Amino acid sequence: MSSEDGAESRQPGGVPASVRAQLLATEHWGLLASRSTAQGEVLTRISMFLTFTSASVVSMALVGQATGFSGAFVLLAVVVLFIDTAIGLLTQLRVLNVAHEDLMYVTAMNRLRAAYVDLDPGVAPYLMAAHHDDEAGSKQTYYFFGNRGSFSHVAGSSMIFMTTANAALIAILAGLLVTLAGAGTPAAPVVGAVCGTAFLVVSAVRGFRSYRGVWRGFTPLSPTPPGSE
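Parameters at a glance
Residues numbered from 1 in each chain as written. Predicted model: local features only at pLDDT ≥ 70, side-chain atom pairs only at ≥ 80, totals over all residues. Heavy atoms only, no water. Helix = DSSP H or I, 4+ residues; strand = E, 2+ residues; numbered from the N terminus. Buried < 20%, exposed > 50% of the residue type's maximum accessible area, 1.4 Å probe, protein only. Polar contact = N/O pair within 3.5 Å; in protein donor to acceptor, adjacent residues only side chain to side chain. Contact = heavy atoms within 4.5 Å. 1 Å grid on protein atoms, 1.4 Å probe; cavity = no way out; pocket = protein on both sides within 12 Å on 5 of 7 lines; lining within 4 Å. Points joined across faces, edges and corners; volume = space filled by probe spheres on them. Nonpolar A, V, L, I, M, F, W, Y, C, P; charged D, E, K, R; others polar.

## Brief notes about the side chain of Asp 133
You can see Asp 133 is positioned in the loop between helix 3 (71-119) and helix 4 (135-142). With relative accessibility at 0%, the residue Asp 133 sits in the buried group. Within the local environment of Asp 133, its side chain forms a polar contact with the backbone nitrogen of Leu 221, the two atoms lying 2.9 Å apart. Reaching out from Asp 133, the side chain makes a polar contact with the backbone nitrogen of Ser 222 at a distance of 2.8 Å. In this view, Asp 133 contacts Thr 107, Asn 110, Arg 111, Trp 215, Phe 218, Pro 220, Leu 221, Ser 222 and Pro 223; residues no more than four positions away in its chain are not counted.

## Details of the layout of surface pockets
Here the largest pocket is characterised by a volume of approximately 1,400 Å³. If you list the elements that add at least two residues to the lining of the largest pocket, you get helix 2 (17-67), helix 3, helix 4, helix 5 (150-155), helix 6 (158-180) and helix 7 (187-216). When the residues that make up the lining of the largest pocket are grouped by side-chain class, the tally is 20 nonpolar, 20 polar and 7 charged. There is about 180 Å³ of room inside the second largest pocket. Taken together, Leu 89, Gln 92, Leu 93, Leu 96, Met 159, Val 202, Ser 203, Arg 206, Gly 207 and Ser 210 make up the full set of residues lining the second largest pocket. Per element, the largest residue contribution to the lining of the second largest pocket is 5 residues, and it comes from helix 7. Within the lining of the second largest pocket, the residues separate by chemical class into 5 nonpolar, 4 polar and 1 charged.

See the structure below:
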């Protein structure tokens, strides 16, 4: 290999391109491992929440049959639902955090792909995942074909699933509290529906604002070229 070839194989700073590629690949695998761990952990948390909630509902049914669904049963149901709701809210918070972490890992890997393209521009046409570390790039990496709407992505997410489950728990709990307060049975479903819907809407708005806040405070190194989104 001539001295000119040797100079071309080195990047600024005197580091050979092959070494840079190895360093980038090592970081890439580390991000993949961290992303997989976070996803596995949050799915386990959701499964634990569902198992605990299912078990508590079955337990309440058994106690209700034993007590004839008396006033003591209603008090027990309120306590159990408070516990279920608390666990659900903590799980929802973790799901939101992991959603942000997943976006973080995807954006970081997009940035690494940009470095791969810098090393060898010829690989760009073969990358279905994006090599741009901005919002448009993250959307491409989440869905390569680019024709799935944002509503489908959000509505089918674990975050909306947990929010809906918690909204149902809050609705039931609010209805029971209204019943205990003596407002009457007809008022319970109305109050429950209002509380559950309000929680669902507030959580969705807060989640959207949180997502937008991520991109407002982030400066990409390799943004998507105008007109290619």
